[in-house]
Amino acid sequence: MRAFYGFEPKNRLFLGTARYPSPAILADAVKRSGVEVVTASLRREAGQDKAGEGGAGQAFWALIRELGVRVLPNTAGCHTVKEAVTTAHMAREVFGTDWIKLEVIGEDDTLQPDVVGLIEAARILSDDGFQVFPYTTEDIVVGGRLLDAGCEVLMPWGAPIGSGRGLNNVYGLRTMRQHFPDIPLVVDAGIGLPSHAAQAMELGYDAILLNTAVAKAGNPALMAQAFAKAIEAGCEAWQAQPIEARDMAAPSTPVMGKAFLS
Amino acid sequence: MTLLLNGEPQEVAAATLADALAELGYDGKIVATAVNGDFVAARRREACQLAEGDRVEILAPMQGG
């Protein structure tokens, strides 16, 4: 399997940390699935939280450190290159990592990436030593530009963030895999079910990044475990070299030696 | 002076970003800062002079997808 800036996780599920019923349930989901990479963000703390020991952000950071997982900070909600670059710098200082999940959002209904701004921000950050994980589309021309800008990983969406629709454009994602055979590819966003994640891994993807499908499930920890299993199965299926689909039947039981009984 | 702290008006006596953070109870907290849209690294907060109406962002680690 391909590595992410030199890091080769055993577990190919990257898990978002938002929207869980409680921090304890988030921790259960991480532990039960064996996740090694989680995403995080930077936000203003509410007034009553900002001082004292009870700051929600401080407690969250303590929890992540206790879990011992690697953090992939994001620039979620940024709509301009300037916002995204500034947020990335702030995240690098707080989280102590050069990794950044780069989001530059171009449209609010679909949260579709602004790929023009994304390429510009990716170049600025890569030149500044960041290891950029760009949230992009399955457009292979854009993918090429992102690689030219210094990215060594691409993260095309499966479907709009939080939609749970699965892989909207299987053809495009398969084409992307074939076009960039040596680049680590992560399906990021839109996954709703473990079968969606398995499907992406069967296409040869290297990891799946998801959040809502686990966090908003009735039992997040169980769902996280289900995703981890599906991703492992999909990964093994890809390694096992699946058969090509065909239109007509091909008998699996040998015809030779069959008795004539009619 | 009055700052726009995380989008809200905030009176502070401090003249630098480092002193403002201490005055506002952020001592020892893991936070990142920006002034008027530009990142200010922790090591530069003492030298960062604030002015009336500056937009100061103080951000903390938070859940994210």
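Read on for a plain summary of the structure. Model, not experiment: these values are computed from the prediction.

## Section: the nonpolar core
In terms of nonpolar packing, the biggest core is built from 82 residues, with Leu102, Val132 and Ile208 of chain A touching the most fellow members. With 8 residues, helix α3 (residues 81-95) of chain A is the largest single contributor of residues to this core. What Val132 of chain A contacts, discounting residues up to four positions off in sequence, is Tyr5, Ile100, Leu102, Ala122, Leu125, Ser126, Cys151, Glu152 and Val153 of chain A. Within the second largest apolar cluster, 17 residues are counted, among which are Leu3, Leu17, Val40 and Leu50 of chain B.

## Points about the sheet that holds strand β7 (residues 131-136) of chain A
All names here are of chain A. With respect to topology, 3 strands assemble into an open sheet ordered β4-β7-β8, the strand pairing being parallel. The sheet terminates laterally at β4 (99-102) and β8 (155-156), the two strands that pair on one side only. Bridge analysis of β4 against β7 gives 4 bridges, and the strand direction is parallel. Within β7, the residue paired with Ile100 across the bridge is Val132. Strands in contact with helix α4 (residues 115-127) are β4 and β7; relative to β7, the strand with the most contacts, it is inclined by about 175 degrees.

## Re helix α5 (residues 140-148) of chain A
All names here are of chain A. All of the buried residues along α5 are Val142, Gly143, Gly144, Leu146 and Leu147. Packed against the buried residues of α5 are α4 and β7. Capping of α5 at its N-terminal end is provided by Asp139; its side-chain oxygen lies 2.8 Å from the backbone amide nitrogen of Val141.

## Quick word on the interface of chain B and chain A
Facing 28 residues of chain B, the contacting portion of chain A comprises 29 residues. Roughly 2,400 Å² of surface becomes buried between chain B and chain A when both sides are summed, with 57% attributable to carbon and sulfur atoms. At the boundary of chain B and chain A, one finds 3 salt bridges. With a shortest N-O distance of 3.4 Å, Glu93 of chain A and Arg45 of chain B are connected by a salt bridge. Along the contact surface separating chain B from chain A lie 16 residue pairs in polar contact (both at pLDDT 80 or more).

Reading guide: rules and limits
- Residues numbered from 1 in each chain as written.
- Chains lettered and ligands numbered in written order.
- Predicted model: local features only at pLDDT ≥ 70, side-chain atom pairs only at ≥ 80, totals over all residues.
- Heavy atoms only, no water.
- Core = buried A, V, L, I, M, F, W, Y, C linked by side-chain atoms within 4.5 Å.
- Buried < 20%, exposed > 50% of the residue type's maximum accessible area, 1.4 Å probe, protein only.
- Helix = DSSP H or I, 4+ residues; strand = E, 2+ residues; numbered from the N terminus.
- Contact = heavy atoms within 4.5 Å.
- Pairing = 2+ DSSP bridges.
- Axes fitted to C-alpha atoms, helices over the stretch in contact; angles between N-to-C directions.
- Polar contact = N/O pair within 3.5 Å; in protein donor to acceptor, adjacent residues only side chain to side chain.
- Buried area = accessible area lost by both parts, 1.4 Å probe.
- Salt bridge = Lys/Arg side-chain N within 4 Å of Asp/Glu carboxyl O.

Spatial relationships are all this shows, so hold off on functional conclusions.
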